[in-house]
Amino acid sequence: MGRGRVQLKRIENKINRQVTFSKRRAGLMKKAHEISVLCDAEVALVVFSHKGKLFEYSTDSCMEKILERYERYSYAERQLIAPESDSNTNWSMEYNRLKAKIELLERNQRHYLGEDLQAMSPKELQNLEQQLDTALKLIRSRKNQLMYDSINELQRKEKAIQEQNSMLSKQIKEREKILRAQQEQWDEQNHGHNMPPPPPPHPHQIQHPYMLSHQPSPFLNMGGLYQEEDQMAMRRNELDLSLEPVYNCNLGCFGA
């Protein structure tokens with residue numbers, strides 16, 4: 001006995017309605033995947049539950065690309081079929097298109113943040129994981145490049161500072177050498193100026209400039225005179241000279 005035809009009407013029982021929705025949604029996703037593989041077609045499937053949850057399926061290409069292609073095609077077709085006659089209608093269509101695009105971007109952003117993942121199929125989760133892995137690799141590559149450039153810049157600055165330090169050390173050594181030579185020269189000059197003066201002459205050796213030192217005049221011993229006799233004669237002459245003033249004074253007194 002074959003299965004009877006199901007009457008198409010709203011299921012009143014909530015549990016049965018939810019079970020039927022899950023089964024039919026899975027079957028619909030399966031059929032979309034089969035047609036995309038068998039016929040090499042780009043398929044985009046969007047389903048909203050009665051609670052407002054989104055269920056979508058797309059081929060290997062991104063959902064955004066398929067929707068943008070659909071919008072361009074439908075907009076061009078509408079332009080060919082019905083030329084622009086009412087600007088308000090065009091603005092309304094443009095508004096709806098931008099609004100749908102914004103909602104799609106917001107949903108993708110929530111998915112990238114790990115939110116609203118319950119309504120995603122395993123294939124969608126796999127595609128999201130691949131996109132996050134690719135983005136993570138690019139972020140790490142960029143971070144490593146920035147760190148490598150920063151390290152190279154720091155090494156270049158370090159080399160420049162070392163060269164500058166070496167140059168300053170060389171200048172300091174040369175300056176110290178010049179100062180040391182100048183100090184030695186000053187020490188030699190000060191040593192020459194501070195030499196002690198020659199010792200003063202002995203008091204017994206001081207002579208008046210008008211006084212001549214008494215030196216025995218050379219003499220010639222004539223007639224067999226000895227040097228002792230000559231010295232005695234000189235002493236008598238000196239004694240006579242010393243007594244002569246006294247003698248003259250006495251004679252003057254008597255004469256008076």
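Keep in mind it's a predicted model, so treat the numbers as computed, not measured.

Draft legend 1. Molecular detail of the overall build of the protein chain. Counting secondary structure elements, the protein chain contains 5 helices and 2 strands. From first element to last, N terminus to C terminus, the protein chain shows the α and β order α-β-β-α-α-α-α. Per-residue burial for the protein chain yields a buried fraction of 12% across its 256 residues.

Draft legend 2. Seen up close, helix 1 (residues 14–38). The terminal C-alpha atoms of helix 1, which comprises 25 residues, lie 36 Å apart, in line with the 36 Å expected from a rise of 1.5 Å per residue. Residues of helix 1 that are buried: Arg17, Met29, Ala32 and Ser36. Buried positions along helix 1 lie against strand 1 (44–48) and strand 2 (54–58). Of the residues that open helix 1, the one with a side-chain oxygen 3.1 Å from the backbone nitrogen of Ile15 is Asn13. Downstream of helix 1 by a residue or two, Asp40 has a phi angle that is positive, lying close to 55°.

Draft legend 3. Here's a closer look at the nonpolar core. In terms of nonpolar packing, the biggest core is built from 8 residues, these being Met29, Ala32, Val43, Leu45, Val47, Phe55, Tyr57 and Ala119. Counting residues per element, the ones that place at least two in this core are helix 1, strand 1 and strand 2. Aside from chain neighbours lying at most four places away, what touches Tyr57 is Met29, Ala32, His33, Ser36, Val43, Ala44, Leu45, Met63, Lys123 and Glu124.

Draft legend 4. Examining unusual backbone geometry more closely. In this structure, Asp40 takes a positive phi of about 55° despite not being glycine. Along the chain, the position of Asp40 falls in the loop between helix 1 and strand 1. Exposure remark for Asp40: the relative accessible area of 72% places this residue in the exposed category.

Draft legend 5. Structural view of the packing of aromatic side chains. Inspection of the entire model under this criterion finds 1 aromatic pair. In this structure, Arg25 packs its charged tip against the face of Phe55, placed 4.2 Å from the ring centre.

Draft legend 6. Quick peek at the confidence of the model for the protein chain. Taken over all residues, the pLDDT of the protein chain has a mean of 76, while the share at 70 or more is 66%. Low pLDDT, under 50, characterises residues 203–228; the stretch is placed with 4 contacts to residues that sit more than four places away or in other chains.

Draft legend 7. Just the pattern of salt bridges, in detail. By the definition in use, this model includes 8 salt bridges. A salt bridge links Glu56 to Arg107, with the nearest nitrogen and oxygen atoms 3.0 Å apart. With Glu56 in strand 2 and Arg107 in helix 3 (residues 87–112), the pair connects residues that are 51 residues apart, well separated along the chain. Across the pair, exposure class does not vary: Glu56 and Arg107 are buried alike. Residues participating in the shared-partner salt-bridge network are Glu71, Glu94 and Arg97.

Draft legend 8. Layout of the pairing of strand 1. What you see with strand 1 is a clean split: Leu45 and Val47 sit on the buried side and Ala44, Val46 and Phe48 on the side with no burial. Between strand 1 and strand 2, which pair antiparallel and follow one another directly, the connecting turn spans 5 residues, one of which, Gly52, has a positive phi of 95°.

Draft legend 9. Fine view of the pairing of strand 2. Buried residues dominate strand 2, accounting for 5 of its 5 residues. Of the two faces of strand 2, the one carrying Leu54, Glu56 and Ser58 and the one carrying Phe55 and Tyr57 are both buried. Across 5 bridges, strand 1 lies against strand 2 in antiparallel orientation. Looking across to strand 2, one finds that Leu45 is bridged to Tyr57.

Draft legend 10. Here's a closer look at the side chain of Arg107. Given a relative accessible area of 12%, Arg107 falls into the buried group. Within polar-contact distance, the side chain of Arg107 engages the side chain of Glu56 at 3.0 Å.

The rules we used
- Residues numbered from 1 in each chain as written.
- Predicted model: local features only at pLDDT ≥ 70, side-chain atom pairs only at ≥ 80, totals over all residues.
- Heavy atoms only, no water.
- Helix = DSSP H or I, 4+ residues; strand = E, 2+ residues; numbered from the N terminus.
- Buried < 20%, exposed > 50% of the residue type's maximum accessible area, 1.4 Å probe, protein only.
- Expected span 1.5 Å × (residues − 1).
- Contact = heavy atoms within 4.5 Å.
- Polar contact = N/O pair within 3.5 Å; in protein donor to acceptor, adjacent residues only side chain to side chain.
- Core = buried A, V, L, I, M, F, W, Y, C linked by side-chain atoms within 4.5 Å.
- Phe/Tyr/Trp six-rings, centres within 6.5 Å; stacked < 30°, edge-to-face > 60°.
- Lys NZ or Arg CZ within 6 Å of the ring centre and 35° of its normal.
- pLDDT = per-residue confidence, 0-100.
- Salt bridge = Lys/Arg side-chain N within 4 Å of Asp/Glu carboxyl O.
- Pairing = 2+ DSSP bridges.

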